[in-house]
Amino acid sequence: MIEFKYIAPNDLRFWWPSIREGLNKIKSHSPENWIPEDVYTDCFNKASDLFVIINNQRFAGFFVLQPMQNTVHVWAAWTVENDYQIVDAGLKYIKSLAGQAGAKYLTFSSHRKGWQRRAAAYGFRPKQYICEV
């Protein structure tokens with residue numbers, strides 16, 4: 001059974017070793033401009049929301065959401081195993097949270113090319129292209 005649990009700032013330390021490991025794995029595959037400590041600070045200061053994924057009573061991953069005006073941005077998401085059932089359930093849960101918050105948009109960004117195809121299958125469409133100079 002897949003469950004999603006909001007992690008309050010006071011509980012962040014307990015979960016942080018697992019979260020940091022996942023963030024480091026994300027960064028090992030994608031040149032992000034943040035460091036894990038940025039995520040910790042944002043969650044601790046309530047600027048972002050951390051949710052852990054529990055599957056069959058075991059830690060299965062996490063996602064970090066950044067609420068902004070009429071948008072909820074998925075800052076980071078990671079699963080222990082690349083399990084599409086967990087990803088599908090997580091996205092459904094995130095969409096419901098965004099709807100409850102009155103958000104008009106759900107966004108994410110990724111340097112990983114594989115997400116171009118998967119994002120479209122999940123209902124995302126490209127809106128912005130960025131070129132660093």
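Scroll up to find the structure.
The following refers to the structure shown.

This part covers the overall build of the protein. What the protein contains, in helices and strands, is four helices and five strands. Taken over 133 residues, the protein has a buried fraction of 37%. Long-range pairs, those at least 24 residues apart, make up 57% of the contacts in the protein with a sequence separation of at least 6. Carbon and sulfur atoms provide 50% of the accessible area of the protein, an area that totals close to 9200 Å².

As judged from the four bridges shared by strand E4 (residues 71-79) and strand E5 (residues 105-108), these two strands associate in the parallel manner. In the sheet register, Val 72 faces E5, and the bridge partner there is Leu 106. Between the parallel elements E4 and E5, the chain passes through helix H3 (residues 84-100) in a crossover that is right-handed.

The next subject is the packing of aromatic side chains. For any pair of aromatic rings, the description consists of the separation of the ring centres together with the inter-plane angle of the planes. As enumerated under the stated definition, the model contains 12 aromatic pairs in all. Judged by centre distance (6.0 Å) and plane angle (70°), the ring pair of Phe 51 and Tyr 93 falls under edge-to-face. Residue Phe 51 is found in strand E2 (residues 49-55), and its partner Tyr 93 is found in helix H3; the two are separated by 42 residues along the sequence. The rings of Phe 4, Tyr 6, Phe 51, Phe 63 and Tyr 93 are connected pair by pair, giving a single aromatic cluster.

A complete count under the given rule lists one salt bridge for this structure. Between Glu 21 and Lys 25 there is a salt bridge, with its nearest N and O atoms 3.3 Å apart. Taken together, the residues Glu 21 and Lys 25, both in helix H1 (residues 12-29) and four residues apart, mark about one turn of the helix. A relative accessible area of 38% means that Lys 25 is categorised as partly exposed.

Turning to unusual backbone geometry, a few remarks are in order. At Gln 57, a position not held by glycine, the phi torsion is positive, near 65°. Along the chain, Gln 57 turns up in the loop between E2 and strand E3 (58-68). Not every positive phi belongs to a glycine, and Gln 69 is a case in point at roughly 40°. Within the element layout of this structure, Gln 69 appears in the loop between E3 and E4.

Turning to the side chain of His 73, a few remarks are in order. Among the secondary structure elements, His 73 is positioned in strand E4. Owing to a relative accessible area of 14%, His 73 belongs among the buried residues under this scheme.

Taken in spatial order, the five strands of this open sheet run E1-E2-E3-E4-E5, and their pairing is mixed. With partners counted over all chains shown, the strands left at the sheet margins are strand E1 (2-7) and E5, one partner each. Going from strand to strand, the sheet's axes swing by 30° on average, the running direction of each strand aside. Summarising the sheet, E1 and E2 pair through six bridges and their orientation is antiparallel.

Here the focus is the nonpolar core. Counting 19 residues, the largest nonpolar core has Ile 19, Leu 23, Val 39, Leu 50 and Phe 62 as the members making the most contacts within it. Excluding residues within four positions of it along the chain, Phe 62 makes contact with Ile 19, Gly 22, Leu 23, Ile 26, Leu 50, Phe 51, Val 52, Ile 53, Ala 76, Ala 77 and Trp 78. Ranked by size, the runner-up nonpolar core spans 14 residues in total, among them Phe 51, Phe 63, Ile 86 and Leu 97.

Rules and cut-offs
- Residues numbered from 1 in each chain as written.
- Predicted model: local features only at pLDDT ≥ 70, side-chain atom pairs only at ≥ 80, totals over all residues.
- Heavy atoms only, no water.
- Helix = DSSP H or I, 4+ residues; strand = E, 2+ residues; numbered from the N terminus.
- Buried < 20%, exposed > 50% of the residue type's maximum accessible area, 1.4 Å probe, protein only.
- Contact = heavy atoms within 4.5 Å.
- Areas by Shrake-Rupley, 256 points an atom, 1.4 Å probe, with all protein chains shown as cover.
- Pairing = 2+ DSSP bridges.
- Right-handed = clockwise from strand over helix to strand, strands pointing away.
- Phe/Tyr/Trp six-rings, centres within 6.5 Å; stacked < 30°, edge-to-face > 60°.
- Salt bridge = Lys/Arg side-chain N within 4 Å of Asp/Glu carboxyl O.
- Axes fitted to C-alpha atoms, helices over the stretch in contact; angles between N-to-C directions.
- Core = buried A, V, L, I, M, F, W, Y, C linked by side-chain atoms within 4.5 Å.

These figures capture arrangement, not role.
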